Amino acid sequence: MIENKKILFLVLFISVILGYYQTVRTDAPNYELKLTRHTTIINNTIEYPYKYRLLNPYITQVWYSSLGAALPQKPAFLAAYTLQNIIVFAFMFFCLMKFFRLWFDDTGAVIGLLLFAALVPLSLTGYDILGDMTTAGIMALGFYFINTAKTKFLYPLLFIAAFNELQLILLIAFYFFAKLSNLKDKTVWLNSILLTITFIAGYAAVYLIRGGSAGSGDVNWYFTKDAAFNIANKDWIVLWFIMIAPLIYFVFKGFRAKPEFLRNSAVIVLPVFYFASFFFIARLREIDKALTIFTILIPLTLMTIFPNNIKKQKEERLNT
């Protein structure tokens, strides 16, 4: 049995490796571009929607300003982003660990973390990587709250999420379709409405702070430019095939016996809401924005490949 402290060490170790990898492979080689992008976000001179993605740039600005008192600009900037890289990866993998351990024993959870970590290098793009990894972490934490009936924690989570990325509103869809019985549950309907209001309130706060013309020409441009790019550049198909196709057989083998939340997320929310919206608001070659797909597919896959590490089945074996 692997102790929880050892899993936490693994989370931190993976985070340091990937955080440093992001720095040396992407941040440092593109220092000038990264600095310009960071500065335009802080100065609120960047275009929509990037001007509303505040969470990581402003936290990183704290490290950057502090380190700038003792280091030259470039070392201070890269050190600040290295620190924030590690923090964000640690947050994401910690949340994934909490979610995976709902379904698996410690060994199964570790296998899930390692499989997820193996996919991350293919998803690193260079610009909004921290926001995308934060999104994956928030989604995983939201999934944990949904499956442990801690709905009240979704409210502050979604309010904070509004300061990161717009796609996090899809967490409400995962909540609503967690169980098909939710369709007739008045409490779920009420919570879904209130959660939507909470997210909109957070996004409205960002709008009031940052200004801009969200809701008019900027939004029309935002929704049409990525759809056109995805149609014109189909190289994303190979990337998605390499990362997703090998999992599909294992995902659907014995599908009906797997947890309802995972099943409904895989066949309802991911294709109907997640992928469909992605086509219009993201470039599909930037699969870092779609890591939540693997938060669902990986446990479904592992339940087929490593059934002995499923918590329920393990408990049944111990009782016989």
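Residues numbered from 1 in each chain as written. Predicted model: local features only at pLDDT ≥ 70, side-chain atom pairs only at ≥ 80, totals over all residues. Heavy atoms only, no water.

### With respect to the confidence of the model for the protein chain
Parts of the prediction with low pLDDT should not have their coordinates interpreted in detail. Put simply, the test is: Known as pLDDT, the predictor's per-residue confidence is scaled from 0 to 100. Here, residues are in contact when the closest pair of their heavy atoms is within 4.5 Å.
Counting all residues, the mean pLDDT for the protein chain is 89, and 91% of those residues have values of 70 or more. Contacts for the low-pLDDT stretch residues 316-320, under 50 throughout, to residues beyond four places or in other chains number 2 contacts.

### As for the side chain of Lys 258
Put simply, the test is: Every helix listed is a DSSP run of H or I at least four residues long, and every strand listed is a run of E at least two residues long, numbered separately from the N terminus. Polar contact is the term for a pair of N or O atoms within 3.5 Å; when the atoms are in protein, one must be able to donate a hydrogen and the other to accept it, and sequence-neighboring residues count only if both atoms are side-chain atoms.
When you line up the elements, Lys 258 lands in the loop between α11 (236-252) and α12 (260-281). Here Val 251 takes part through its backbone oxygen, which lies 3.0 Å from a polar atom of the side chain of Lys 258. Leaving out residues up to four positions away in the same chain, Lys 258 has contacts with Phe 250, Val 251, Lys 253, Arg 263, Leu 300, Met 303 and Thr 304.

### A short note on the pattern of salt bridges
Stated formally: Every case where a carboxyl oxygen of Asp or Glu lies within 4 Å of a side-chain nitrogen of Lys or Arg is listed as a salt bridge. Burial classification: accessible surface area is computed with a 1.4 Å probe over protein chains only, and a residue below 20% of its type maximum counts as buried, one above 50% as exposed, and the rest as partly exposed.
Within the structure shown, the criterion is met by 3 salt bridges. We note a salt bridge from Arg 101 to Asp 106, for which the minimum N-O separation is 2.8 Å. Overall, the relative accessible area of 7% leaves Asp 106 in the buried class. Salt-bridge contacts for Lys 289 lead to Asp 132; the nearest nitrogen and oxygen are separated by 3.3 Å. Placement of Lys 289 in the loop between α12 and α13 (292-305) and of Asp 132 in helix α6 (residues 129-147) is noted, with a sequence separation of 157 residues between them. Residue Asp 132 is classed as buried on the basis of its relative accessible area, which comes to 2%.

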